[in-house]
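# Structure at a glance
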Amino acid sequence: MLLLMIGVSSLRAQQPPDTAGLNSATVISAQPQTLATAAQTIPQQPAHRFWDRENDWLFTAVGAGRALDYASTLNIRRRGINEVFLNNSIVDNHPLFGGIEAAGTAASIGVSYMFHRTGHHRLERWTSAVHFGVAAGGAARNYALKTPHPN
């Protein structure tokens, strides 16, 4: 997620050209060409609000996926199975582990917001969809693990 956030922060949406130091005749003649060229090369997507209905559902799904991952991880710890991605001491500290899961949800929303602000609306939606899929898949895997029984 961190690498994704760093990569996106370097991207910027199309900005009008800087007109500092140009006289008004140059600016007037240059702008229609720039706008016409931009309209031909960049397909215009309809703008939407960040907190629209689709994002609300996607963010709710991410939160539900993280909650399911939280519950499934506590379940495997109660069954004596070690956590793979975090230390067992972190998972066994329930407030800390819950905070990490909540921070993961907030980070996903933050990355989606960065994509929204830079005009990458498909990536904005895909971030949440993929995050939900990974969280739900991890939870399903946790519940599918067999409990070790001593012989």
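As a reminder, the structure under discussion sits directly above these lines.
The notes below deal with the structure included here. (Residues numbered from 1 in each chain as written. Predicted model: local features only at pLDDT ≥ 70, side-chain atom pairs only at ≥ 80, totals over all residues. Heavy atoms only, no water.)

## Examining the overall build of the protein chain
What counts here: Helix numbers and strand numbers start at the N terminus; a helix is a DSSP run of H or I with at least 4 residues, a strand a run of E with at least 2. Think of it in three bands: with a 1.4 Å probe and only protein chains considered, a residue is buried below 20% of the maximum accessible area for its type, exposed above 50%, and partly exposed in between. Note that accessible areas follow from Shrake-Rupley with a 1.4 Å probe, and for residues the cover is restricted to the protein chains shown.
Within the protein chain, the regular secondary structure consists of six helices and zero strands. The helix and strand sequence of the protein chain, counted from the amino end, reads α-α-α-α-α-α. Counting only residues that meet the buried cut, the protein chain has 26% of its 151 residues in that class. Within the structure as shown, the protein chain displays about 10300 Å² of accessible surface, and the carbon and sulfur contribution to it stands at 63%.

## Focus: the side chain of Glu 124
Cut-off, in case you're wondering: Identification of polar contacts relies on pairs of N or O atoms within 3.5 Å, with a donor-acceptor requirement for protein atoms, meaning one able to donate a hydrogen and the other able to accept it, and with residues adjacent in sequence counted only if both atoms are side-chain atoms. Here a residue-residue contact requires only that any non-hydrogen atoms of the pair lie within 4.5 Å.
With respect to the helices and strands, the residue Glu 124 is situated in helix H6 (residues 121-144). Here Asn 55 takes part through its side chain, which lies 2.6 Å from a polar atom of the side chain of Glu 124. In terms of polar contacts, Glu 124 uses its side chain to reach the side chain of His 121, at 3.0 Å. Once residues within four sequence positions are removed from consideration, Glu 124 is found in contact with His 48, Phe 50, Asn 55, Ser 112, Phe 115 and His 116.

## Details of helix H5 (residues 94-117)
The line we're drawing: A helix's residues, less one, multiplied by 1.5 Å, set its expected span.
If you check H5, its first and last C-alpha atoms are 34 Å apart, about what 24 residues at 1.5 Å a residue would give, namely 34 Å. Along H5, the residues that are buried comprise Phe 97, Glu 101, Gly 104, Thr 105, Ser 108, Val 111, Ser 112, Phe 115 and His 116. Positive backbone phi, approximately 85°, marks Gly 119, located one or two places after H5.

## Quick word on the packing of helix H3 (residues 53-78) against H6
Under the convention used in this document: Axis geometry follows a simple rule: fit a line to the C-alpha atoms, using only the stretch in contact for helices, then measure angles between N-to-C directions, giving values from 0 to 180 degrees. Oblique is the label for any angle not under 35 degrees, not over 145, and not in the 65 to 115 range, which are roughly parallel, roughly antiparallel and roughly perpendicular in turn. Here a crossing is taken to be left-handed if its near helix is turned anticlockwise relative to the far helix by less than a right angle, and right-handed if that turn runs clockwise. In this count, Pro and Cys sit with the nonpolar residues alongside Ala, Val, Leu, Ile, Met, Phe, Trp and Tyr, while Asp, Glu, Lys and Arg are called charged and the others, Gly among them, polar.
Two numbers describe how H3 lies on H6: the axes approach to 8 Å, and their chain directions differ by 20°. On the basis of their axis angle, the class for H3 and H6 is roughly parallel. Seen along the crossing, H3 lies across H6 with a hand that is left-handed. Across the contact of H3 with H6, the residue classes tally to 12 nonpolar, nine polar and five charged.

## Quick notes on the packing of aromatic side chains
The following threshold applies: Any two of the Phe, Tyr and Trp rings considered here, Trp counted by its six-membered ring, make a pair once their centres fall within 6.5 Å; the pair's planes then place it as stacked at under 30 degrees, edge-to-face at over 60, or tilted in between.
According to the stated counting rule, one finds five aromatic pairs in the structure shown. The interplanar angle of 80° and the centroid separation of 5.2 Å between the aromatic rings of Phe 50 and Trp 51 together place this pair among those described as edge-to-face. Accessibility expressed as a relative area gives 8% for Phe 50, which makes it buried. Given a relative accessible area of 47%, Trp 51 falls into the partly exposed group. When the ring of Tyr 70 is compared with that of Phe 97, the centres are 5.2 Å apart and the planes differ by 25°; the resulting orientation is stacked.

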